[in-house]
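# A closer look at the structure
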Amino acid sequence: MPAPFPQLTSQDACEALATVGLQLAPEQVQVESREERWFVRLPDDRMAWFAASIEGHRRLCAERRLLRLLQARCLFRAPRVLAEGRGGDFDVRVGVPGTADPWEVFRHVRADPWLGARIGAQVGSILAEQHTRIGAVDVAHWLPLRPSWPESGEWVRQRLPRVADDLALVAKAGVVFAMYEAVKLPEADRVLVHADVGFHNLAIDATSLAVRGLFDYDGAAWADRHHDFRYLLFDYDCDEVLEAAAAAYEPSVGCVISRARVALYNAACAISFLAHREGKLPEERCCGRTLTEDLRWTAHAIGRALALAPRGG
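Bear in mind the structure is a predicted one, so any value in this text is a computation, not a measurement.

## Overview of the pattern of salt bridges
Within this structure, the stated rule accounts for 30 salt bridges. Where aspartate 44 meets arginine 46, a salt bridge forms, and the shortest distance between an N and an O atom there is 3.7 Å. One salt bridge connects glutamate 181 with arginine 157, and the closest N-O pair in it is separated by 3.6 Å. With glutamate 181 in helix α7 (residues 167–181) and arginine 157 in helix α6 (residues 153–159), the pair connects residues that are 24 residues apart, well separated along the chain. Judged by its relative accessible area of 44%, glutamate 181 is partly exposed. The class of arginine 157 is partly exposed, set by a relative accessible area of 45%. Look at the salt bridges and you will find they share partners, linking Glu63, Arg64, Arg68, Glu84, Asp91 and Arg93 into a network.

Set out below in structure tokens:
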């Protein structure tokens, strides 16, 4: 099967969109390259996704299938599929309104614990729906059984020493990553996870800072529920966002979120992001952070994970 859209111009996008009834001029759309796919901004909070490769086609089909499940089963807002091109090579969606800058939200939350708790509670309610209203029979046979991030321990161990020259930090990172890889997952903890729940994928109103919904299910998996809490911990000591999310989630779902496992997953992700910086300049923002910021997050996350680790393991 040839790559559906190995190249995509605004004119190409408009011609394809016309086949599903959208009449747009090239100046009305913006085409961006996004990991095996093309993201096309459209007027009126709409968007289109085009497959740039066979793998991109697979990913689009999986996410589209999942978004339709969420629309049918859940009350919270996620992107809705409006139209699908012939063969599934592209689709048109309407997004969740929310224009707040995620880094600005982070600054507000750090300065205002009450706001952090409010956002955390809203996220916990979303996750309670997502984790209970879609089951194994719906997705386990076609979604991956583990998130694609963090990378493997071997990948991290090869790269981390070339990014961080702090030998003690690298050694502790190795210990934490070994703990992460040794986690034995109870089957009861497998749910539909988004796996990248953070301010960058939450639709947050810029004025009220209320959570309107969740988007970007490209990395979804049938995996450990704790992965959806891992980015609710930050590189400072207060954890009101996580605690409020857990407080909203636990009574609704009937299970307890392990803070130790969340901290471990957070640390493994931080370590992986730090290793991902190989070849990048220190001041270069890789995934939104400089080297100094990645080091701060990693050091803090490692310390927290080791402090919360069960004795003897």
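## As for the sheet that holds strand β2 (residues 37–41)
Read from one edge to the other, the open sheet built from five strands follows the order β1-β2-β3-β5-β4, with strand pairing classed as antiparallel. Only two strands of the sheet have a single neighbouring strand rather than two, namely β1 (30–34) and β4 (80–84). Strand-to-strand, the axes of this sheet are offset by a mean angle of 25 degrees, without reference to chain direction. Lying over the sheet, helix α2 (residues 54–73) contacts β2, β3 (46–51), β4 and β5 (90–94), oriented at roughly 35 degrees with respect to β5.

## Focus: the environment of isoleucine 271
Checked against the element boundaries, isoleucine 271 lands in helix α9 (residues 259–275). By relative accessible area, which is 0% here, isoleucine 271 ends up buried. Once the C-alpha coordinates of isoleucine 271 and alanine 301 are considered, the two residues, 30 residues apart in sequence, prove to be 8.7 Å apart. If we skip the residues at most four places from it in the chain, isoleucine 271 touches Val156, Leu160, Ala173, Val176, Phe177, Thr298 and Ile302.

## A look at the nonpolar core
A general tendency of soluble globular proteins is for nonpolar side chains to be buried together. Counting 48 residues, the largest nonpolar core has Leu66, Leu70, Phe199, Tyr217 and Phe229 as the members making the most contacts within it. For this core, the elements supplying multiple residues, two or more each, are α2, α3 (102–111), α4 (113–133), β7 (202–204), β8 (211–214), α8 (240–253) and α9. Residues contacting leucine 70, with those up to four places away along its chain left out, are Phe76, Ala78, Gln130, Ile134, Leu192 and Tyr217. In terms of nonpolar packing, the next biggest core, distinct from the first, is built from 30 residues, Leu160, Ala164, Leu169 and Val170 among them.

## Concerning the packing of aromatic side chains
What characterises a pair of aromatic rings is the spacing of the ring centres plus the angle enclosed by the ring planes. With the rule as written, the count across this model stands at 14 aromatic pairs. Geometrically, the ring pair formed by phenylalanine 50 and phenylalanine 90 is stacked, given 4.8 Å between the ring centres and 15 degrees between the ring planes. With phenylalanine 50 in strand β3 and phenylalanine 90 in strand β5, the pair connects residues that are 40 residues apart, well separated along the chain. Of the two residues examined, phenylalanine 50 and phenylalanine 90, each falls in the buried class. Judged by centre distance (5.6 Å) and plane angle (65 degrees), the rings of phenylalanine 177 and tyrosine 180 are edge-to-face. Note that phenylalanine 177 and tyrosine 180 are positioned in helix α7 at a spacing of three residues, about one turn of the helix. Phenylalanine 177 gets classed as buried once you look at its relative accessible area, which sits at 2%. Chaining the aromatic ring pairs together yields one cluster made of Trp149, Trp155, Tyr231, Phe273 and Trp297.

## Concerning the environment of alanine 248
Here alanine 248 shows up in helix α8. Put simply, alanine 248 and proline 161 are 87 residues apart on the chain and 40 Å apart in space, counted from C-alpha to C-alpha. Residue contacts for alanine 248: discarding those within four places in its chain leaves Ala121, Gly124 and Ser125.

## A word on the packing of α7 against α9
Relative orientation of the contacting elements α7 and α9 amounts to 130 degrees, with a least axis distance of 9 Å. Here α7 lies oblique to α9, going by the angle between them. The chirality of how α7 crosses α9 is left-handed. Across from Leu169, Ala173, Val176, Phe177, Met179 and Tyr180 in α7, the residues of α9 making contact are Leu264, Tyr265, Ala267, Ala268, Ile271 and Leu274. Partitioning the contact of α7 with α9 into residue classes produces 12 nonpolar, no polar and no charged.

## Details of the pairing of β2
Within a regular strand, side chains alternate between the sheet's two faces. Burial within β2 is extensive, with four of its five residues counted as buried. Examined bridge by bridge, β1 and β2 share five bridges and lie antiparallel to one another. By the bridge assignment, arginine 34 is partnered in β2 with arginine 37. Connecting β1 to the next strand, β2, in antiparallel fashion are two residues, including glutamate 35 with a positive phi near 45 degrees. Pairing between β2 and β3: five bridges, direction antiparallel. When the sheet's bridge partners are listed, tryptophan 38 is paired in β3 with phenylalanine 50. Connecting β2 to the next strand, β3, in antiparallel fashion are four residues, including aspartate 44 with a positive phi near 65 degrees.

Calculation rules
- Residues numbered from 1 in each chain as written.
- Predicted model: local features only at pLDDT ≥ 70, side-chain atom pairs only at ≥ 80, totals over all residues.
- Heavy atoms only, no water.
- Salt bridge = Lys/Arg side-chain N within 4 Å of Asp/Glu carboxyl O.
- Helix = DSSP H or I, 4+ residues; strand = E, 2+ residues; numbered from the N terminus.
- Buried < 20%, exposed > 50% of the residue type's maximum accessible area, 1.4 Å probe, protein only.
- Pairing = 2+ DSSP bridges.
- Axes fitted to C-alpha atoms, helices over the stretch in contact; angles between N-to-C directions.
- Contact = heavy atoms within 4.5 Å.
- Core = buried A, V, L, I, M, F, W, Y, C linked by side-chain atoms within 4.5 Å.
- Phe/Tyr/Trp six-rings, centres within 6.5 Å; stacked < 30°, edge-to-face > 60°.
- Parallel < 35°, antiparallel > 145°, perpendicular 65-115°, else oblique.
- Left-handed = near helix turned anticlockwise from the far one by under 90°.
- Nonpolar A, V, L, I, M, F, W, Y, C, P; charged D, E, K, R; others polar.

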